[in-house]
Amino acid sequence: MDSLLKHMVDMTGHRDHTMLDISVISAVQELARASQTRVLSLAMVRGKMFVRPRAIITAGQPARMEENPDPASPGEPISNFPALAACIARHETSADVANAAGEHTLWLPIWLGDKADTCLEIVNPTPYTSDTIHVIGGIVSVYRNFQNLLDYSERDSLTGLLNRKTFDDQLAKMLAASTEQDALNLPGEPERRHHSDQEKQWLAVVDVDHFKLVNDKFGHLYGDEVLILIANLLTSSFRAQDRVFRFGGEEFVVLLRSTTLNNAKKIIDRFRMNVEQHDFPQVGRVTVSVGFVSISAFEAPVIILGRADQALYYAKSHGRNLACHYDELVSGGQLRTVESNDTAEFF
């Protein structure tokens, strides 16, 4: 009982979805004596559902966020998990399957209304007792309710993405991570990796092309539906560890964690092409323009955002449906920095 109360206190003490995920799998892992527990993201891409790991804990190991090994992939199709697929299709609360070796896998979709975009996966070498199922059910209920509370305060009401209020805190965390990363390369020491292979944090600004025309031609209800579908494509195209925000209107911002320039380009361009290929009901085809920049702990947030905005403006003024990298535009002579200070940057 003391252990259960400790986990409940730990879970409800967080104000961040990442730490909430870590807390819930740590609690389930200990109380269910599981061999492995994961938080999975469920996302729709072009009408098909995909499963992506978000956080994992294995017996004897600390909990951690799990990265998708292939940044160009939206995850595994849910058809690879027939029991889970049937559970989702029937709107059931759980699915339990044993493999040939007798190892049990329990899936617990986290339902918010009629939608589930998160699922717990618990692997155990022995069958689950009724008491274990009861305790896990209680933990999942607390997790779901607290996740809902976090969503209410952090999420945009239309798209379900993180709202602008949470952006400053998330960017501050990434700047702190960049500080630690920069400290690894001490002055005077040679670069350990080629520039294009160096993992960095990234900020991308996304804007829906000709969105005003969509509203004017089809009305705001269809315009809102376009924004919701763009939000879904953002969620499914980027990785579980990335953070996606709606800044208002048709503008979105993405924070990409620890990846190389080449991978950042692949991830961003995958999203752009997913939008380009998507058939939006009534509206038809829609495109987006993207400007992105690396995040440096030595630059003010307003400078970082300004540079991404300049790359976005370049994309929109040079044909749209483009993803432009600020540093490459500057080095190629397409953009020129005239003057910079702590509050503004002029071009």
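Look a little higher up for the structure.
The rules behind these values
- Residues numbered from 1 in each chain as written.
- Predicted model: local features only at pLDDT ≥ 70, side-chain atom pairs only at ≥ 80, totals over all residues.
- Heavy atoms only, no water.
- Helix = DSSP H or I, 4+ residues; strand = E, 2+ residues; numbered from the N terminus.
- Buried < 20%, exposed > 50% of the residue type's maximum accessible area, 1.4 Å probe, protein only.
- Contact = heavy atoms within 4.5 Å.
- Areas by Shrake-Rupley, 256 points an atom, 1.4 Å probe, with all protein chains shown as cover.
- Core = buried A, V, L, I, M, F, W, Y, C linked by side-chain atoms within 4.5 Å.
- Disulfide = S-S within 2.5 Å.
- Salt bridge = Lys/Arg side-chain N within 4 Å of Asp/Glu carboxyl O.
- Pairing = 2+ DSSP bridges.
- Axes fitted to C-alpha atoms, helices over the stretch in contact; angles between N-to-C directions.
- Polar contact = N/O pair within 3.5 Å; in protein donor to acceptor, adjacent residues only side chain to side chain.
- Left-handed = near helix turned anticlockwise from the far one by under 90°.
- Nonpolar A, V, L, I, M, F, W, Y, C, P; charged D, E, K, R; others polar.
- Parallel < 35°, antiparallel > 145°, perpendicular 65-115°, else oblique.

Glancing now at the overall build of the protein chain. Looking only at helices and strands, the protein chain has 10 helices and 14 strands in total. Here the protein chain holds 347 residues, and 48% of them are scored as buried. Within the protein chain, contacts between residues at least 6 apart in sequence are counted, and of these 62% link residues at least 24 apart. Accessible surface for the protein chain amounts to roughly 17,100 Å². Of this, 53% is attributable to carbon and sulfur atoms.

Moving on, we get to the nonpolar core. Inside soluble globular proteins, nonpolar side chains tend to come together where they are buried. With 31 residues, the main nonpolar core has I230, L234, L256, F271 and F280 as its most contacted residues. For this core, the secondary-structure elements that each account for two or more residues are β8 (200-208), α6 (211-218), α7 (220-237), β10 (251-259), α8 (261-277) and β11 (288-295). Once residues within four sequence positions are removed from consideration, F280 is found in contact with V226, L229, I230, L233, V275 and V286. Formed by 24 residues, the second largest nonpolar core is a distinct cluster that contains L162, L255, V293 and C324.

Moving on, we get to the environment of F167. Tracing the sequence through the fold places F167 in helix α5 (residues 167-184). By relative accessible area, which is 2% here, F167 ends up buried. On a C-alpha basis, the gap between F167 and R243 in space is 8.9 Å, while along the polypeptide they are 76 residues apart. Those residues in contact with F167 that sit more than four places away from it in its chain are L203, F245, F247, V253, L255 and L305.

What follows covers the state of the cysteines. For the coordinates displayed, the defined rule picks out zero disulfides. Not engaged in a disulfide, the cysteine C87 finds its nearest cysteine sulfur in C119; these two sulfurs lie 7.1 Å apart. Classification of C87 by relative accessible area gives buried; the value is 0%.

This paragraph deals with the pattern of salt bridges. In the structure shown here, the tally under the stated rule is 12 salt bridges. Where R38 meets E121, a salt bridge forms, and the shortest distance between an N and an O atom there is 2.8 Å. Linking R38 in strand β1 (residues 36-45) with E121 in strand β7 (residues 115-124), this pair joins segments that are 83 residues apart in sequence. The shortest N-O distance in the salt bridge between D269 and R272 comes to 2.8 Å. Taken together, the residues span about one helical turn, with D269 and R272 both in helix α8 at a distance of three residues. If you follow the salt bridges from partner to partner, you end up with D207, D209 and K316 in one network.

A few words on the sheet that holds strand β12 (residues 323-325). On the basis of which strands lie adjacent, the open sheet formed by five strands has the order β9-β10-β8-β11-β12 and mixed pairing. The open sheet has two free edges, formed respectively by β9 (243-248) and β12, since each of these has just one partner strand. The mean inter-strand angle of the sheet, taken between neighbouring strand axes irrespective of direction, is 20°. Across three bridges, the pairing between β11 and β12 is parallel. Residue pairing across strands places G291 opposite C324, the latter belonging to β12. With respect to the sheet, helix α9 (residues 301-317) is in contact with β8, β9, β10, β11 and β12, its orientation differing from that of β11 by roughly 150°.

With that settled, consider the environment of R272. Among the residues examined, R272 registers a relative accessible area of 11% and is labelled buried. Spatially, the C-alpha atoms of R272 and N321 are 7.2 Å apart, while their sequence positions differ by 49 residues. A distance of 3.1 Å separates polar atoms of two side chains, one belonging to R272 and the other to N321.

Turning next to the packing of α7 against α8. At a minimum axis distance of 9 Å, the contact between α7 and α8 shows a crossing angle of 145°. The two elements α7 and α8 cross, and the hand of that crossing is right-handed. Of α8, the residues touching α7 (which contributes I230, L233, L234 and S237) are I267, R270, F271, N274 and V275. Across the contact of α7 with α8, the residue classes tally to six nonpolar, two polar and one charged.

The subject of this paragraph is unusual backbone geometry. Even without glycine at this site, Q282 takes up a positive phi of about 70°. One non-glycine residue, R320, lies in the positive phi region at around 65°. Considering the arrangement of structural elements, one finds R320 in the loop between α9 and β12.

Our focus in this paragraph is the packing of helix α2 (residues 17-32) against helix α4 (residues 130-154). At a minimum axis distance of 10 Å, the contact between α2 and α4 shows a crossing angle of 175°. Viewed along their axes, α2 and α4 adopt a mutual orientation that is roughly antiparallel. Here α2 contributes H17, L20, D21, V24, A27, V28, L31 and A32 to the contact with α4, which in turn contributes T132, V135, I136, I139, Y143, F146, Q147, L150, D151 and E154.

The subject of this paragraph is the side chain of D242. Looking at where D242 falls in the secondary structure, it is placed in the loop between α7 and β9. Within the structure, the side chain of D242 is placed 2.7 Å from the side chain of R239, a separation counted as a polar contact. A polar contact is formed between the side chain of D242 and the backbone nitrogen of R257, at a distance of 3.0 Å. Each residue touching D242, except ones within four places of it in the same chain, is listed here: L255, L256 and R257.

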